[in-house]
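For reference, the chains in residue letters:
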Amino acid sequence: MKAAVLYEPRKPMVIEDLKLAPPKAGEVRVKVAANGACHSDLHVMTGDMRMPLPMVLGHEGAGIVAEVGAGVASVKEGDHVVLSFSPVCGYCHYCTQGQPHLCITRPQGLGTLMDGTTRLSKNGSEIFHFCYAATFAEEAVVPESCAIKIRDDVPLDRACFVGCGTMTGIGAVINTAKVRPGANVAVIGCGGVGLNVIQGAALAGAHEIVAIDLLANKLELAKVFGATKVVNPSQDDAYKAVMDLTHGSGVDYAFEVISSPKTIELAFRMTGRGGTCTIVGVSPEGARISFNPNVFTLMEKRLIGSYYGSTRPRIDMPLLIDLYMDKKIKIDELVSRTFPLEGVNEAYDLLRKGETSRSVIKFF
Ligand SMILES: [Zn+2]
Ligand SMILES: [Zn+2]
């Protein structure tokens, strides 16, 4: 089958034929229909996130189940699925208490499936899987818990975004920060995930939603997703704009969706007393932030993180699909370009330049 393989950071992915071994017990083979070109893959391409190579990237996928391994009960051949990139065991401490996104029973090695081996190979040499998904390929073998059954009337080139950006953004607001109606919200970074944080805040009934980004085209989209005010820090002081809008008190909830120490500190600074600042992005290795600890005590500010929108995949992903089909959340507006697999490098060039919020790589 055809796949895009990353051999070296900062080099284009190579489109070539790979061998995909059949699913083992507890695994599912999926015909990949579509993937979003998400920023996390870019971190591997640039070398900011170190992964074993060669690797097939892609982790924001949706498709149709083609084959199930022994013991698989939750999906069958022909089911439409969104792919989660975070396997869950269902029995560990975290899974049991309703936080499956924090499941601890993952393999220690990176780039493999749960048993520590890969199903991808070329001429007998193993090729690694990114995030249990590796969806920049015509087919993928994934753990059963990553194949989330969805309704089959949703277009798969829209459903795929629920596998990462839409879930991560809306989940950070609804599941992690639990934004309350009437709250004031600031969002730093308006890429694919940031736009979903914005629409999550709108869905939660936030009052003011301030979108902050350096790119004018992203700020325009932020308005479409529900921002009530946009600020471009290259023209205006973002901290001052937020303080003016909130009469000097700061926002109840700030979200940092860029992942740089500078913007995390800014997001925390614009968070008001008793407010919550949520870090959504994944920072490069070695990044450090520093704060005066007294703001935690004297101002009761909270600084938290959100991984994968604190998702409970089998509950939240079908729900987001329903909300999309009911026109209560937007996905179409996220997609600026559609490419075949051969266009995957171009899709990431556009993402790197900030010219697109999301491209979709579409097989069928
Ligand atoms: Zn678990
Ligand atoms: Zn992603």
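Above this text you will find the structure in question.
Residues numbered from 1 in each chain as written. Chains lettered and ligands numbered in written order. Predicted model: local features only at pLDDT ≥ 70, side-chain atom pairs only at ≥ 80, totals over all residues. Heavy atoms only, no water.

Moving on, we get to the coordination of the zinc ion (ligand 1). Six octahedral donors around a metal ideally sit at 90 or 180 degrees from one another, while four tetrahedral donors ideally sit at 109.5 degrees. The coordination sphere of the zinc ion (ligand 1) contains the protein donors C89 (SG), C92 (SG), C95 (SG) and C103 (SG), at a distance range of 2.3 to 2.4 Å. For the zinc ion (ligand 1), the 4 donor atoms in the first shell make angles of 105 to 114° at the metal, a pattern classed as tetrahedral. Expressed as a motif, the donor residue spacing for the zinc ion (ligand 1) is C-x2-C-x2-C-x7-C. Each member of the pair, C95 as well as C103, is classed as buried. (Donors = N, O, S within 2.8 Å, 3.2 Å for Na, K, Ca; no water. Tetrahedral: all angles 85-135°; square planar, octahedral: opposite > 155°, others 65-115°. Buried < 20%, exposed > 50% of the residue type's maximum accessible area, 1.4 Å probe, protein only.)

Right, let's talk about the sheet that holds strand β2 (residues 14-17) for a bit. Strands sit in the order β2-β1-β5-β9-β8-β3 across an open sheet of 6 strands; the sheet is mixed. Edge positions in the sheet fall to β2 and β3 (19-20), since each has one partner strand and no second. Pairing of β3 with strand β8 (residues 120-122), which is carried by 2 bridges, proceeds in the antiparallel orientation. Directly across from L20, in β8, lies its bridge partner L120. (Pairing = 2+ DSSP bridges. Helix = DSSP H or I, 4+ residues; strand = E, 2+ residues; numbered from the N terminus.)

Turning next to helix α8 (residues 261-269). Considered for burial, the residues of α8 that qualify are T263, I264, L266, A267 and F268. Turning to α8, the residues buried within the fold contact β12 (185-188), α7 (238-245), β15 (251-256), β16 (271-279), α9 (294-298) and β17 (302-305). (Contact = heavy atoms within 4.5 Å.)

Attention shifts here to the sheet that holds β12. With respect to topology, 6 strands assemble into an open sheet ordered β14-β13-β12-β15-β16-β17, the strand pairing being parallel. A strand with exactly one partner marks an edge of an open sheet, and here the two such strands are β14 (229-231) and β17. Direction aside, the axes of adjacent strands within the sheet are offset by 20° on average. Summarising the sheet, β16 and β17 pair through 4 bridges and their orientation is parallel. Pairing of C277 across the sheet is with L303, part of β17. The strands touched by helix α4 (residues 165-177) within the sheet are β15, β16 and β17, with β15 carrying the most contacts at an inclination of about 130°. (Axes fitted to C-alpha atoms, helices over the stretch in contact; angles between N-to-C directions.)

That is the geometry; function is a separate question.
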